[in-house]
Amino acid sequence: MAAACTRSGDSPAPTASAPQSKADKCRRIADNATKTAGMAATLLVAGLDGEEMSPSDKAGLRAELKVSGDALAKRCLTWDDEVFRCFSLFGGGNEKCERIVAVAMGDDVAPVDPPAGPAPAWTFDLSQVPEALAITGSGHVIVLLEDSVMAVADGAQLWSVAVPSPMALALPPAGTSEPLLVLHPDGVLGIQQDGTVAFRKALPTDDEEAPAPKTLARLGDGWLLGDADARFIRLQPSACAKTGRGCMTVVGALPEEYFDRSTTLIPLADGSTLLWEEENLRHLDASFNALFDARGLDALDGVMPKTDGTIVAFFDNDLVTLDLTRCRSAAPFAPSSYPQPNRLYFADDSACEDCKPPPPECLVARNYVKDGDGAEPAVTTDGAVVVRTADATVAFVDGKRAWGHVLAAAGDPLAIGSDVLVVGDTTYNGEGELSLWRLGKDGVVVWRVLPPAVRDGDLYWSDDGRLAATGQWAAVSVKQKLSVYPL
């Protein structure tokens, strides 16, 4: 074959390169992104430890980057021309393009020019920051304070009842004549809607001193109460208010155990119960025998049942969905991906030395939520699971991330039908204002309002903000300022 010749010193004639396909562009974008992420992770570890990554850590990082790179390349195939155009301009100071690229990459973005929400129906100045808020269907706000419980409506106090060191507040279901309940160290207090004390009861016991109640949850036409001796007590408020017979009945116990204020009971429709204590989640049958014991190796920060027989829970910064019917296990198991790559935490290798993997088909979905801030998930009627991180509010649909706003929540998000209410802020420079946000389907910002607050220059975070809502009203307190909004 004859070779092509050129005169000495001449360069070969340029040849036209074939236009890149969309798949080729996406692969190049994904490869560049994973290369940058890998370099950043390597430098971070070297800066912290003063040493290079171990071979096993490098292998784990490569595997993780390959998964994320392949996911980005796949997502990129759905981008339109505007995203690709903006991608070439990214970092050039074009705010619109930076937002477009951020959304396309699956990053959180701050809401821009949110619509104004409704004016408050009324406001009220509380004497102290409330421990908890609840709101009735008629718009009466029940406020738990350090030494009392009170009701407020239309900007005025309706009543107040002294309570020694109240621990928890529970409203009866709408449409019933049951009293609201307050747990305190000496027992249970029932208060009618007009402020009349219906009953004061200590817990049943064979000893001289009754144990303190610790947790309460609705169960059928009554309540399930857990006390300091790890007993399960069936509470019937109507019986407590009348003869007292059948008021409280011990229906089970966990020998050699105890409950504290961090204990949460979640009764389920089939008669079983979820028992959440610190980093442990147990599923108990109707006789309070364990069906499984799921462990958080670093933390367990939220548990929420869904109507389809699954639960979502925040294990170790993983938003996990478990199928209760397929999670039966005699051995404890850890459902998270802990320790997640490139995450900083204080490792505890002895957190669960006997933990096994989840049973087959028990784990329905698992998503690592970077900087997850331990929020109780909110589950909307259309199935979206909304959680908060250190600086964002993020939603997952069908086990996949659906949307995210740079909107740091000062408390747990709250589902109202298919919408979500969030008390949160979008700024972190010490001058931010805590706002009430209503987010609709696909994360659309329906409106934003600025609740009245004590303006003392502080940023108002989770210790200062409270939120409660029904289908018609939302109550928000920022420090001692209480306001109610129509929904």
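Computed from a predicted model, the values in this text were never measured in an experiment.

Considering the packing of aromatic side chains
Part 1 of the argument: Counted under the stated rule, the structure contains 4 aromatic pairs.
Part 2 of the argument: On the numbers, 5.6 Å between centres and 65° between planes, the contact of F232 with F259 is edge-to-face. Residue F232 is found in strand β12 (residues 231-235), and its partner F259 is found in the loop between β13 (248-253) and β14 (264-267); the two are separated by 27 residues along the sequence. Both residues of the pair, F232 and F259, count as buried.
Part 3 of the argument: Plain terms: the ring middles of F232 and F288 are 4.1 Å apart, the flat faces sit at 5° to each other, and that makes the pair stacked. In this pair, F232 is assigned in strand β12 and F288 in the loop between β16 (280-284) and β17 (290-295), connecting sequence segments 56 residues apart.
Part 4 of the argument: A residue is classified by how much of its surface remains accessible, and F288, at 9% relative accessible area, is buried.
Part 5 of the argument: Joined through ring pairs, the aromatic side chains of F232, F259 and F288 make up one cluster.

Details of the sheet that holds strand β8 (residues 187-191)
Backbone hydrogen bonds hold the strands of a sheet together, and the pairing may be parallel or antiparallel.
Part 1 of the argument: Here 4 strands make up an open sheet; going across it, the order is β6-β7-β8-β9 and the pairing antiparallel. Sheet topology places β6 (168-170) and β9 (197-201) at the edges, where each strand pairs with a single neighbour. Looking at each pair of strands side by side, their axes are set apart by 15° on average, direction ignored.
Part 2 of the argument: Relative to strand β7 (residues 180-184), β6 runs antiparallel, the two sharing 3 bridges. Residue A170 lies in a different strand from β7, and its bridge partner there is L181.

With respect to the state of the cysteines
Part 1 of the argument: Across all of its chains, the model carries 5 disulfides by this definition.
Part 2 of the argument: With its sulfur 2.1 Å from that of its partner, C26 forms a disulfide with C76. Of note, the bridge from C26 to C76 carries an S-S torsion of about -75° and is left-handed in sense. In this pair, C26 is assigned in helix α1 (residues 22-49) and C76 in helix α2 (residues 55-76), connecting sequence segments 50 residues apart.
Part 3 of the argument: A relative accessible area of 1% means that C76 is categorised as buried.
Part 4 of the argument: Note that C86 is cross-linked by a disulfide to C97, the S-S spacing being 2.2 Å. Here the disulfide of C86 and C97 is left-handed, its torsion about the S-S bond being about -60°. With C86 in helix α3 (residues 81-89) and C97 in helix α4 (residues 95-104), this pair connects stretches of sequence that are 11 residues apart. Take C86 and C97: they sit in the same class, and that class is buried.

A few points about α2
Part 1 of the argument: With 22 residues, α2 should cover 32 Å at 1.5 Å per step; its first-to-last C-alpha distance of 31 Å lies within 8% of that length.
Part 2 of the argument: Those residues of α2 not exposed but buried are L61, L65, G69, L72, A73 and C76. Down the axis of α2, the smallest arc covering the buried residues is 100°, so these residues share one side. Exposed and facing more than 90 degrees away from the buried side of α2 are S56, K66, V67 and K74.

Details of the nonpolar core
Part 1 of the argument: Within the largest apolar cluster, 18 residues are counted, with the highest numbers of intra-cluster contacts made by L274, L281, L300, V303, F315 and L322.
Part 2 of the argument: Contributions of two or more residues to this core are made by β15 (273-277), β17, β18 (300-305), β19 (310-315) and β20 (318-323).
Part 3 of the argument: Element by element, the count of residues in this core is highest for β19, at 3 residues.
Part 4 of the argument: Judged by nonpolar contacts, the second largest core, of 16 residues, contains L181, A198, F199 and L216.

Brief notes about unusual backbone geometry
Part 1 of the argument: Of note, the bond from Y338 into P339 is cis; its omega dihedral lies within 30 degrees of zero at 0°.
Part 2 of the argument: Position of P339 among the secondary structure elements: in the loop between β20 and β21 (363-368).
Part 3 of the argument: Residue S165 is not a glycine yet carries a positive backbone phi of 45°.
Part 4 of the argument: In this fold, S165 is placed in the loop between β5 (156-162) and β6.

Definitions and cut-offs
- Residues numbered from 1 in each chain as written.
- Predicted model: local features only at pLDDT ≥ 70, side-chain atom pairs only at ≥ 80, totals over all residues.
- Heavy atoms only, no water.
- Phe/Tyr/Trp six-rings, centres within 6.5 Å; stacked < 30°, edge-to-face > 60°.
- Helix = DSSP H or I, 4+ residues; strand = E, 2+ residues; numbered from the N terminus.
- Buried < 20%, exposed > 50% of the residue type's maximum accessible area, 1.4 Å probe, protein only.
- Pairing = 2+ DSSP bridges.
- Axes fitted to C-alpha atoms, helices over the stretch in contact; angles between N-to-C directions.
- Disulfide = S-S within 2.5 Å.
- Expected span 1.5 Å × (residues − 1).
- Arc of directions from axis to C-beta.
- Core = buried A, V, L, I, M, F, W, Y, C linked by side-chain atoms within 4.5 Å.

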